[in-house]
Structure formats: structure tokens, C-alpha cells
Amino acid sequence: MQIGIRAHDMEHVPIEQLVTNIANKGFKACQLALPKSITNVHTDVSAMTPGFALYLKRLFADAGVDVSVLGCYYNLADPNPENLKNTMEIYKAHIRFASLLGCGMVGTETGAVNSEYKFEEANHSKEALDIFVNNLREVVDYAEKMGVIVAIEPVATHIVSNAERARYVLDAINSPNLQIIFDPVNLITSDNYMQQNEVINSVFDILGKEIACIHSKDFIVEKSGSIKQCITGDGLLDYDLILNWIKINKPYIHVLLEETRPENVFDAILYLEKVWEGRRH
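Residues numbered from 1 in each chain as written. Predicted model: local features only at pLDDT ≥ 70, side-chain atom pairs only at ≥ 80, totals over all residues. Heavy atoms only, no water.

Student: Break down the side chain of Ser-216 for me, citing the residues and quoting the values.
Tutor: Inspection of the secondary structure puts Ser-216 in strand S7 (residues 211-216). The exposure class of Ser-216 is buried, given its relative accessible area of 1%. There is a polar contact of 2.9 Å between the side chain of Ser-216 and the side chain of Tyr-239. For Ser-216, the residues in contact, after removing those within four places along its chain, are Thr-232, Tyr-239, Val-255, Leu-256, Leu-257, Glu-258 and Leu-272. (Helix = DSSP H or I, 4+ residues; strand = E, 2+ residues; numbered from the N terminus. Buried < 20%, exposed > 50% of the residue type's maximum accessible area, 1.4 Å probe, protein only. Polar contact = N/O pair within 3.5 Å; in protein donor to acceptor, adjacent residues only side chain to side chain. Contact = heavy atoms within 4.5 Å.)

Spelled out as C-alpha cells, the structure:
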């Protein structure tokens, strides 16, 4: 595996220093969400020129850091037509940008059937799934033209809430340019955490071929019974199961840390390395 970090979890500094900091901490990859990570210049659609993309490409290449994921986490099931039109333009701009930046994929989650991007029971309906598929198809068609991979990230509260619904999307769109970002904790709920191995193995069985990137964080169960996300190694997630599967099936895959701060990233790295080497205990 190649361990990386979300760029916006690093120090909030100009992009040139940010890339240096990522490399100096030993990371080989990052997830780059432009407006969250780059604060010293504009990053809206009008600013996403070829010159900007190629400038960033040089910065990251010189530092030896891959841009694994160009984050574009906007709601592709927004019921407001004007909002959805703007969202489509944002996705297409990110795809063009990614084609020049040379990053691994444009990554996204899978939305909600409201403009607030919040959970409601209707998110888990068949109608919501078909709305998402219909809108995602336009994005993936554009990605095919530009030679870019789009990867969706299932989340329990979003429209694509489990492995079966993700499989439905993959089969419906039927494109090699559509892949999966797997974040195990995003599928863990207060109802299923005791069966986490079944949840994880289901993803491996149903979506394993298309998993293109892994997100790494952890979870604890609060006294109320609710799930709280935390840094890798401080919770209950079975990393032996996950990393053993990666060893066999996904050589050199990007594993990107979440829920970290600049001062504790080494704790997460050390934990992953210990589990990887079989000396966790």
C-alpha cells in the first residue's frame, strides 16, 4: 500500500508549502479537494485552467507525491434544477482538470434527495438510486471522453448506502471509468458494527474488482450507542482483515488517512505499518 493524506487535514498554508509538508511527513499520495486545501488563490470553476492544473502537476511530481483523488463532493441528486446544473458544471470542470493534473481519479460521495445534502429515509429508495444513476451517467460519459476515472464512495446515510446499491450503480452505468473508493467506517452503523466483518467482506465480494482507493479512519461506539469516527488505530475497525485483503488483491493501492491532524498523523502511519507487518500486538 501507499499511504496518503487528505491535503486539507494538513497545515493550512500556501499550496507550495502544503505540498512540501505532505512530502516531508513521508506521504506518497494525497486527496486534493481544491477549495478545502488551497486557500491562498481562487479555486472556483473559472480558475481551473490548464495552467493551474499543470502548475500543480509539477509541484506534486517534484515532491514525489501522487494526487490520488481530486475531491468533488457535491450532490448529484439535488432536486433543484439550477443547483444540479451548476453541480454538473463543477464535475465536468474537475474532470477536465484531472485529465491535465494526472491524478488517479475524481472522487465523490453519492448524495441525497434534498438540497441540504442530509439524511432522510427517501435516500434509500429505489427512486433515489435511479435519480443518482441517471445524473452520474452524464458525469461518467464526460469522464470517458476525457480519459478520467470517476470513483464513488458508498456511505450508509447517502443514496449508495451499501455494497449491493453500489453494485447496482456500477452495472447500470457499465463503464470501466467508474470505480469505487472504499471507506469501511462510512458503512458502519450503530445497527451493524457488531457484524463489521460481514459488512467489509460483503464489499470485498461484491465490489472488490472495482475498488480503486481506500480511505482509512476508525470508529468507536459512544455510551449512547452512536458511532463516532476517529483516527486510525484508536477504535474498533478490524484492520487485520482489511490490510490482509489489500496485500493479496491490491498491490500499491493508495490508502488515504482521514480524521487526522498534522500533529498525530505519525500515530496513524505507525499503526498501519505495524498491522501490515504483522506486529500489531
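Student: Residues and numbers for the nonpolar core, please.
Tutor: Core analysis: the largest hydrophobic core is formed by 87 residues, its most contacted members being Leu-32, Leu-56, Leu-136 and Val-169. With residues up to four places along the chain from it excluded, the contact list for Leu-56 reads Ile-15, Leu-32, Leu-34, Ile-38, Phe-97 and Leu-101. (Core = buried A, V, L, I, M, F, W, Y, C linked by side-chain atoms within 4.5 Å.)

Student: Help me get a handle on the environment of Ile-3, residues and values and all.
Tutor: Mapping Ile-3 onto the fold places it in strand S1 (residues 2-6). The class of Ile-3 is buried, set by a relative accessible area of 11%. When the C-alpha positions of Ile-3 and His-254 are compared, they lie 5.9 Å apart, and in sequence the two are 251 residues distant. When near neighbours in sequence (up to four residues on either side) are disregarded, Ile-3 contacts Phe-27, Lys-28, Ala-29, Val-255, Leu-257, Ile-269, Leu-272 and Glu-273.

Student: Run through the pairing of strand S8 (residues 218-221), naming residues and quoting values.
Tutor: Two elements, S8 and strand S9 (residues 227-230), share four bridges in a ladder whose sense is antiparallel. Considered in S9, the bridge of Ile-220 is made with Lys-228. What sits between S8 and S9 in their antiparallel hairpin is a turn of five residues, with Gly-225 showing a positive phi close to 95 degrees. (Pairing = 2+ DSSP bridges.)

Student: Tell me about the sheet that holds strand S4 (residues 105-108), and please be specific about residues and values.
Tutor: Read around the closed barrel, eight strands run S1-S2-S3-S4-S5-S6-S7-S10, paired in parallel fashion. Geometrically, the sheet is characterised by an average inter-axis angle of 30 degrees between neighbouring strands, direction not taken into account. Helix H5 (residues 126-146) rests against strand S5 (150-152) and strand S6 (178-182) of the sheet, and its axis sits at about 150 degrees to S5. Set on the sheet, helix H9 (residues 265-276) makes contact with S1, S7 and strand S10 (254-257); between it and S10 the angle comes to about 140 degrees. (Axes fitted to C-alpha atoms, helices over the stretch in contact; angles between N-to-C directions.)

Student: Summarise the packing of H5 against helix H6 (residues 163-173); cite the residues concerned and give the values.
Tutor: Packing of H5 against H6 leaves a shortest axis separation of 10 Å and a crossing angle of 45 degrees. Here H5 lies oblique to H6, going by the angle between them. In the crossing of H5 with H6, the sense of the turn from one axis to the other is right-handed. Facing H5, whose interface residues are Lys-126, Leu-129, Asp-130, Phe-132, Val-133, Leu-136, Arg-137 and Val-140, H6 presents Arg-165, Tyr-168, Val-169, Ala-172 and Ile-173. Here the contact of H5 with H6 is built from residues that sort into nine nonpolar, no polar and four charged. (Parallel < 35°, antiparallel > 145°, perpendicular 65-115°, else oblique. Left-handed = near helix turned anticlockwise from the far one by under 90°. Nonpolar A, V, L, I, M, F, W, Y, C, P; charged D, E, K, R; others polar.)

Student: Which residues make up the pattern of salt bridges, and what values do they have?
Tutor: Under the counting rule described, the total for this entry stands at 10 salt bridges. When the shortest N-O distance is used, the salt bridge between Lys-126 and Asp-130 registers 2.7 Å. Linking Lys-126 with Asp-130, this pair stays in helix H5, spanning four residues, or about one helical turn. Classification of Lys-126 by relative accessible area gives partly exposed; the value is 42%. Residue Lys-217 is joined to Asp-183 by a salt bridge in which the shortest nitrogen-to-oxygen separation is 2.3 Å. In this pair, Lys-217 is assigned in the loop between S7 and S8 and Asp-183 in the loop between S6 and helix H7 (196-207), connecting sequence segments 34 residues apart. Grouping residues by exposure puts Lys-217 and Asp-183 together as buried. One connected set of salt bridges, linked through shared partners, spans Arg-6, Asp-9, Asp-183, Lys-217 and Glu-258. (Salt bridge = Lys/Arg side-chain N within 4 Å of Asp/Glu carboxyl O.)

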